[in-house]
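Residue-level listing of the chains:
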Amino acid sequence: MPLFKDEQELYAILGGFFEEVAEREESKEMISSTEISEGYDAFVQYVFHKPEGKITWAEENGRLKVICGDHDLRPELVFEQTADVGHKFWLGKLDLQQALARQQIKVQGPLTNALRVLPQLDAIYPAYREYLKKLGREDLLA
């Protein structure tokens, strides 16, 4: 049984977490160190299954903008996975390179861009645990 009961819960938890993280210094550094290639207008899109959903990271006025659901932006990187795999990744319990090798996460676009920001993500993983505790969702920490 999937961890998230529906798309709304996925957006409330992961989307809400990304909104909170957008204000962190690590995110601001990531935005300033990452250039979107010509023809694209978003950094990354996470496509989730079970439940279905999309969360996109774009840049707006030098800040990370989080968009839940469909839109017309063209992301440079697309990561496709189940919502459970995405949750496990943000908990820091899933290595990206291993997940790619096992095809738990499928990627479209220049993977080198994603690998470049991995060190910055290490500082964000603990924030997901704290966010889940703040929501009273300790059940998702196991």
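Structural notes, computed from the coordinates. (Residues numbered from 1 in each chain as written. Predicted model: local features only at pLDDT ≥ 70, side-chain atom pairs only at ≥ 80, totals over all residues. Heavy atoms only, no water.)

## What about the nonpolar core?
Within the largest apolar cluster, 42 residues are counted, with the highest numbers of intra-cluster contacts made by Leu14, Phe17, Phe18, Trp57, Trp90 and Tyr128. Ranked by the residues each element gives to this core, the list is headed by helix α1 (residues 7-21), at seven residues. Look past the residues within four positions of tryptophan 90 in its chain and what remains in contact with it is Leu14, Phe17, Phe18, Tyr46, Trp57, Leu121, Ile124, Tyr125 and Tyr128. (Core = buried A, V, L, I, M, F, W, Y, C linked by side-chain atoms within 4.5 Å. Buried < 20%, exposed > 50% of the residue type's maximum accessible area, 1.4 Å probe, protein only. Helix = DSSP H or I, 4+ residues; strand = E, 2+ residues; numbered from the N terminus. Contact = heavy atoms within 4.5 Å.)

## Let's talk about helix α6 (residues 125-134)
Of the residues making up α6, those classed as buried are Tyr125, Ala127, Tyr128, Tyr131 and Leu132. Take α6 and look down its axis: the buried residues cluster within an arc of 150 degrees, on one side only. Positive phi appears at glycine 136, one or two residues downstream of α6, with a value of about 75 degrees. (Arc of directions from axis to C-beta.)

## Focus on the side chain of glutamine 45
By the element assignment, glutamine 45 lies in strand β1 (residues 42-49). For glutamine 45, a relative accessible area of 9% corresponds to the buried category. A distance of 3.0 Å separates a polar atom in the side chain of glutamine 45 from a polar atom in the side chain of threonine 56. At a separation of 3.2 Å, a polar atom in the side chain of glutamine 45 contacts the side chain of histidine 71. For glutamine 45, the residues in contact, after removing those within four places along its chain, are Lys54, Ile55, Thr56, His71, Pro75, Leu77, Val78 and Phe79. (Polar contact = N/O pair within 3.5 Å; in protein donor to acceptor, adjacent residues only side chain to side chain.)

## A few points about the packing of aromatic side chains
Taken as a whole and assessed by the stated rule, the structure comprises 15 aromatic pairs. Seen from their ring centres, tyrosine 46 and phenylalanine 48 are 6.3 Å apart, and the 20 degrees between their planes marks the pair as stacked. Residue phenylalanine 48 is classed as buried on the basis of its relative accessible area, which comes to 1%. Feature note: the residues Phe17, Phe18, Tyr46, Phe48, Trp57, Phe79, Phe89, Trp90, Tyr125, Tyr128 and Tyr131 constitute an aromatic cluster, connected by ring pairs. Its guanidinium or amino end placed over the ring of tyrosine 40, arginine 74 lies 4.8 Å from that ring's centre, counting from NZ or CZ. (Phe/Tyr/Trp six-rings, centres within 6.5 Å; stacked < 30°, edge-to-face > 60°. Lys NZ or Arg CZ within 6 Å of the ring centre and 35° of its normal.)

## Brief notes about the sheet that holds strand β4 (residues 75-82)
Pairing between the strands of a sheet comes from backbone hydrogen bonds, and it takes one of two forms, parallel or antiparallel. Strands sit in the order β3-β2-β1-β4-β5 across an open sheet of five strands; the sheet is mixed. Of all strands in the sheet, those bounded by a partner on one side alone are β3 (63-68) and β5 (106-108). With strand direction ignored, the average angle separating the axes of adjacent strands in the sheet is 15 degrees. Here helix α3 (residues 83-90) sits on the sheet and contacts β1, β2 (53-60) and β4; the angle it forms with β4, its principal contact strand, is near 110 degrees. (Pairing = 2+ DSSP bridges. Axes fitted to C-alpha atoms, helices over the stretch in contact; angles between N-to-C directions.)

## As for the packing of α3 against α6
Remark: α3 packs on α6, axes separated minimally by 8 Å, with the N-to-C direction vectors making an angle of 110 degrees. When the axes of α3 and α6 are compared, the pair comes out roughly perpendicular. Together, His87, Phe89 and Trp90 of α3 and Tyr125, Tyr128 and Leu132 of α6 make up the contact between the two elements. When the residues that make up the contact of α3 with α6 are grouped by side-chain class, the tally is five nonpolar, one polar and no charged. (Parallel < 35°, antiparallel > 145°, perpendicular 65-115°, else oblique. Nonpolar A, V, L, I, M, F, W, Y, C, P; charged D, E, K, R; others polar.)

## Observations regarding unusual backbone geometry
Put simply, lysine 50 and proline 51 share a cis peptide bond, and its omega is 0 degrees. The phi torsion at lysine 50 lies on the positive side, around 55 degrees, for a residue other than glycine. Residue position: lysine 50 is located in the loop between β1 and β2. For lysine 50, a relative accessible area of 56% puts it in the exposed group. Even without glycine at this site, glutamine 103 takes up a positive phi of about 60 degrees.

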